[in-house]
Structure formats: structure tokens, C-alpha cells
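If you want the building blocks of each chain, they are given just below.
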Amino acid sequence: MIRWSAGYAPNPWWKWHRTRRIASALGPVLRRLYPIDVDDQPPRDFEQMADWLIRWRLAPEGVGPTELAQELARLSGVITTESWPTSPQPTQPEPGRVVLCAEFEPVSEVLITWPIWYPGLWSFHTELTRAIAQSAPVTVLVPSPFFASAAALALGAHRRVTFAIYPADDIWIRDCGPMMARSATGDPIAVDAIYDPPPSMPFAADDVSGLSWAATRGCRSVHLPLHFEGGNLWTDGEGTIVTSAAALARNGGHDRFCQVLSQTVDIHRLHVLPPVPNEATGHVDMITKPLRADLWAWSRFDHPNDPTYRTRLEHAVRSLRTGSGKAIELLALPAPRPTVNLGLVHVWPSYCNNLTVNDALIVPIFGAPEDDVALALLRDAAPNLEIRPIDARRAANGGGTIHCMTMQIHAASSVASAVSGNVCAVDQLP
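A few points on the structure. (Residues numbered from 1 in each chain as written. Predicted model: local features only at pLDDT ≥ 70, side-chain atom pairs only at ≥ 80, totals over all residues. Heavy atoms only, no water.)

Reading across from one edge, 10-11-12 is the order of the three strands in this open sheet, with mixed pairing throughout. Of all strands in the sheet, those with a lone pairing partner are strand 10 (234–235) and strand 12 (269–273), marking the two edges. Pairing between strand 11 (residues 240–244) and strand 12: five bridges, direction parallel. Each residue of the ladder has a partner; that of Ile241, found in strand 12, is Leu270. (Pairing = 2+ DSSP bridges. Helix = DSSP H or I, 4+ residues; strand = E, 2+ residues; numbered from the N terminus.)

Let's shift gears to the pattern of salt bridges. What the rule picks out here adds up to 13 salt bridges. Across the salt bridge formed by Glu103 and Lys289, the nearest N and O atoms sit 3.4 Å from each other. Of this pair, Glu103 sits in the loop between strand 3 (99–100) and strand 4 (107–113) while Lys289 sits in strand 13 (residues 288–292), and the two are 186 residues apart along the sequence. Both residues of the pair, Glu103 and Lys289, belong to the buried class. For Arg182, the salt bridge identified is with Glu105, shortest N-O distance 3.1 Å. Of the two residues, Arg182 is situated in strand 7 (residues 179–182) and Glu105 in the loop between strand 3 and strand 4; the sequence distance between them amounts to 77 residues. Assigned by exposure class, Arg182 and Glu105 land together as buried. One salt-bridge network, held together by shared partners, links Glu82, Glu109 and Arg217. (Salt bridge = Lys/Arg side-chain N within 4 Å of Asp/Glu carboxyl O. Buried < 20%, exposed > 50% of the residue type's maximum accessible area, 1.4 Å probe, protein only.)

Glancing now at the sheet that holds strand 4. If you trace the five strands from one edge of the open sheet to the other, you get 2-6-5-4-21, paired in mixed fashion. Either end of the sheet is taken by a strand with one partner, and the two such strands are strand 2 (80–83) and strand 21 (406–410). Averaged over all adjacent pairs, the angle separating strand axes in this sheet is 25°, with direction ignored. Bridge count for strand 5 (residues 138–142) against strand 6 (residues 161–165) is five bridges, and the pairing is parallel. (Axes fitted to C-alpha atoms, helices over the stretch in contact; angles between N-to-C directions.)

Under the counting rule described, the total for this entry stands at seven cavities of 30 Å³ or more. Computed from the structure, the largest cavity encloses a volume of approximately 180 Å³. Lining the largest cavity are 16 residues, with Cys101, Glu103, Arg174, Leu233 and His410 positioned closest to its centre. Mapped by element, the contributors of at least two residues to the lining of the largest cavity are strand 7, strand 10 and strand 21. When residues in the lining of the largest cavity are grouped by element, the largest group, three residues, is from strand 21. (1 Å grid on protein atoms, 1.4 Å probe; cavity = no way out; pocket = protein on both sides within 12 Å on 5 of 7 lines; lining within 4 Å. Points joined across faces, edges and corners; volume = space filled by probe spheres on them.)

Structure below.
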């Protein structure tokens, strides 16, 4: 049986048009939990920023507004910031198809959006950013220099954290950020797809965040005309693409999806996994995770209302071994019991929603009996990686955790990639 969860839910209720229509009834409740006016009325100086932090209990204990404003101003002169363009233009297409980078390849930078709308997530993002920065530089997206100082106050001075001034709409940088690839000559390429969450959500800025990053870094970019999120894509870096049936359904079915994808991306095998019933995202990063090209972890989900789901999922995951031409090991991870939060969002805790950053694997934990088992399995399976667990209970209540809230930028390849010119061979699997 699915349990109810009454915990803090990081969802932008106030941005839904239907919620706005009942704002008069829910406004007082929402305003106690979320800074629902911050988009329209952001802090405009350090004094207002200090008052805002104190209002949301994000300021150091015992520090008054004047002292806090002075510290924020001091930090503004210490931290590194950059401004991303808000109307980026894609570059000319790279000749030929590109190879998408695998999750486990070397990382030169990780992007993360600071949760200004969700004070309840600041501590989670602080711990997550610090854990990532041990292994790679981090770029934190904030809407203004004042929030850069506020995030720096939470993080503490850190030489490997840079702040990007960009008006992001929400925290799901995985789904809208640049999907990194390499050309036939090994040059880095940012792949930008269409990011379109529900039409009532005003997320236009998020849709072009990948192009904004590419323009800032001088990286070439290509546009992929598919409705597609980074959280619904895994690859082994060798032409194998893993996605869920949800991606095919949104893009005209299997044949059209493959046809459009293969015009831009080098693809030899397409594996389609069944999304978890009632899971909000439909993404494969909740279901499986490549730890290496020859080792894939997967979540042993049991659905209380669909006794066949585990069997169908296991069959689909095992099909990863089919047609690859090499031995692939599968690591089954336990799955904590799902919950439903107060917004009627089904929450499926998944240890596969982790992040590989060079020498580290940053893994969500949920205060569940399965935590120790999952961590032990991952340590045994990936002894070359330092396992860094982070309590993600509050984050998971919004529908995703560590992988969903980060986007890694892979280091440029110095070796020419063997991009095939052959017609892609695709297997549609259950």
C-alpha cells in the first residue's frame, strides 16, 4: 500500500494557473511555506536580502539584519559570478552526427539551480553542492547577485563554486540543461532539446538554459527537435540510448522518435523501459543508472496496483544485455516504499537517481531500512568510486533527487570519436 507523506513538498503550486484561481483560499498557507512573490518582488539590495533570509529562517542564528547585510555585501566582492544571456542563439549545426557523452565519463563542471522558491531545500542544496565540489567545479544558477551572496553565505567560501546570474524558473536543471556530446573530431557539443513541462507552467527561461550555457562557454550547440528531458536519457557513450516509453509517446511514437533522434545523434541501439505507473516524470533516471559501460544498476520497484510491473521492468532491464556485443552486469538495488504527498504527487524513492562526478558517486538516501543495503551494494560494485550519501527525503517529496537537480558537463574529448555513418539499427524492446 502506498503511504501518505505530509512532509515539505518542493513544488511551485502558485505557478499553476488553476492554483492562482484559488489563491485567495490557499494564499495564507502558501505564503507561510513558500516565497511565492519572489519572482515578482525579489530582494533589490543587501538590506532586503538580509530581511528575506531572516524571514525564511535561512540566516545564521543570532545575526541581526544590519550585520547580515554587511556580510552579504562583503561576500559579493569575494565570490565569482558570471552572467548568462537570456536570449541565446544556437550555433550552426555540427557536420555529421554527434555522440552523446556517458554519465561515467570525466566531468569538468556541474550545474545546479539554487532553490530560491523552496527555503526547505536550502540545506539539501548546500550539502549537495559541497559534495559535488569535492570532485568538480560547480556553477550555481541564481537570479541576481544578491542571491549569489545569499547562497555563498549558506555554502561558505568555496573556491570551486561559481555563480551564474540567470532567471531560472525551477530547480530541474537535469531536464533543461545542455546534454553534452562530442563531434567526430572530439569537440564538445551541447545538445538542446525542447523542454516543455505542463503549459500552465511559465518555464520559458528554463527551455533555453542549455543554449545559454553554451553561449557563455563558447561551446557549439545543436538543436534536437524532440520534446525530451535529460532525465529521460541514458547512454553508454557508444551509441546505446536508453529512454522510457513516455519519451516515445510525446514524440509521435517509436519510428518518428528514432528517425528524428538519429538525424542528430549517433545511435545503434535504442532500449525502451516501461515508466513506473503514476510516477510523475516517467524518466529512466528513476529506474536505472549506468555505473560503467558494462555495469548498470536498476531499482527493483514493486507497484502496489500493478503486480506485473516488476516482471515487465526486469525483462526490459535485462534486455540491455541484448545486442551490445559485450558482457553487461546488472546490479539490482532495493526500492523503499513509495508515498503520495499532499499535492497528490506519487513519490518513488530511487537510489539510481544518483550522480557520478569523476571519483565520486553521490547517492540519495531516504532514512529507510534499504539505505544501508543499497550503499553496500554500490560500494561493492564500484570500488573505484567514493560513495557520498546525502539525505534526500525532503527533495524526493518533489518527485526527484540528486540526478534530477544537477547536470554534469563532460570534459572535452581529446580523442576523435568513431561516429558511424551507417543507418542506425534500433531495437524496440518491451
